[in-house]
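Each chain, letter by letter, is given below.
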Amino acid sequence: MRTAITTETTLSAPVLQEIRTFIVENFLLGNDSGFDNTESLLESGIIDSTGIMHVVAFLEERFGIVVEDEDMVADNLESVARISNYVERKQALKDAA
């Protein structure tokens, strides 16, 4: 079941959808349970702390960013929406350099 994407996330839809697809395929065995993109991945049990490292490796490889140790906080990696926003900020910084 797909939900409508708000205007705020429309700009990030490709990145957000790619991250969501990765999480569904790797942590939910391809079964998209319809979880909300703002839902905490850790608190909901979708991903554990080891899984976060798997997500970080995916982000670095797929989006060409470096996730610094100080960036590994809930503000950046707690939900699909926050991960997507973080990736876009990192890509913008990389493009500006």
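What this report covers is the structure whose coordinates are included nearby. (Residues numbered from 1 in each chain as written. Predicted model: local features only at pLDDT ≥ 70, side-chain atom pairs only at ≥ 80, totals over all residues. Heavy atoms only, no water.)

**Re the pattern of salt bridges**
The full count for this structure, using the stated rule, is five salt bridges. The salt bridge partner of Arg82 is Asp75, with a shortest N-O separation of 3.3 Å. Given the relative accessible area of 32%, Arg82 is considered partly exposed. In this structure Asp75 comes out as exposed when scored by relative accessible area, which is 55%. (Salt bridge = Lys/Arg side-chain N within 4 Å of Asp/Glu carboxyl O. Buried < 20%, exposed > 50% of the residue type's maximum accessible area, 1.4 Å probe, protein only.)

**Observations concerning the nonpolar core**
With 24 residues, the main nonpolar core has Ile19, Ile23, Leu59 and Ile83 as its most contacted residues. Elements with a minimum of two residues in this core: α2 (13–27), α3 (49–63) and α5 (80–96). Leave out the neighbours within four places in its chain, and Ile23 touches Leu28, Phe35, Leu41, Ile46, Ile47, Val80 and Ile83. (Core = buried A, V, L, I, M, F, W, Y, C linked by side-chain atoms within 4.5 Å. Helix = DSSP H or I, 4+ residues; strand = E, 2+ residues; numbered from the N terminus. Contact = heavy atoms within 4.5 Å.)

**Regarding α5**
An α-helix turns once per 3.6 residues; consequently, residues spaced three or four apart project the same way. Helix length check: α5 (17 residues) gives 24 Å between terminal C-alpha atoms against 24 Å at 1.5 Å per residue, within 8%. Regarding α5, the residues found buried are Val80, Ala81, Ile83, Ser84, Tyr86, Val87 and Lys90. In this structure, the buried side of α5 is in contact with α2, α3 and α4 (74–77). (Expected span 1.5 Å × (residues − 1).)

**Observations regarding the environment of Ile83**
Of note, Ile83 is situated in helix α5. The spatial distance from the C-alpha of Ile83 to the C-alpha of Thr38 is 9.8 Å, given a sequence separation of 45 residues. The residues touching Ile83, leaving out its near neighbours within four places in the chain, are Ile19, Ile23, Leu41, Val55, Leu59, Asn76 and Leu77.

**A few points about a negative patch on the surface**
Together, Glu60, Glu68, Asp69 and Glu70 make up a region of like negative charge exposed at the surface. Residue placement: Asp69 occurs in the loop between α3 and α4. Since its relative accessible area comes to 66%, Asp69 is described here as exposed. (Patch = residues over 30% accessible without salt bridge, like charges linked within 9 Å, V, L, I, M, F, W, Y side chains within 5 Å. Areas by Shrake-Rupley, 256 points an atom, 1.4 Å probe, with all protein chains shown as cover. Lys, Arg positive; Asp, Glu negative; His and termini not counted. Charge placed at Lys NZ, Arg CZ, Asp CG, Glu CD.)

**Digging into the packing of α2 against α3**
Each pair of packed helices can be described by the angle between their axes along with the distance between the axes. It is the contact of α2 with α3, at a shortest axis distance of 11 Å, that shows an interaxial angle of 135°. On the basis of their axis angle, the class for α2 and α3 is oblique. Here α2 runs over α3; the crossing is right-handed. Contacts between α2 and α3 pair Val15, Glu18, Ile19, Phe22, Asn26 and Phe27 from the former with Gly51, His54, Val55, Phe58, Leu59, Arg62 and Phe63 from the latter. Counted by class, the contact of α2 with α3 contains eight nonpolar, three polar and two charged residues. (Axes fitted to C-alpha atoms, helices over the stretch in contact; angles between N-to-C directions. Parallel < 35°, antiparallel > 145°, perpendicular 65-115°, else oblique. Left-handed = near helix turned anticlockwise from the far one by under 90°. Nonpolar A, V, L, I, M, F, W, Y, C, P; charged D, E, K, R; others polar.)

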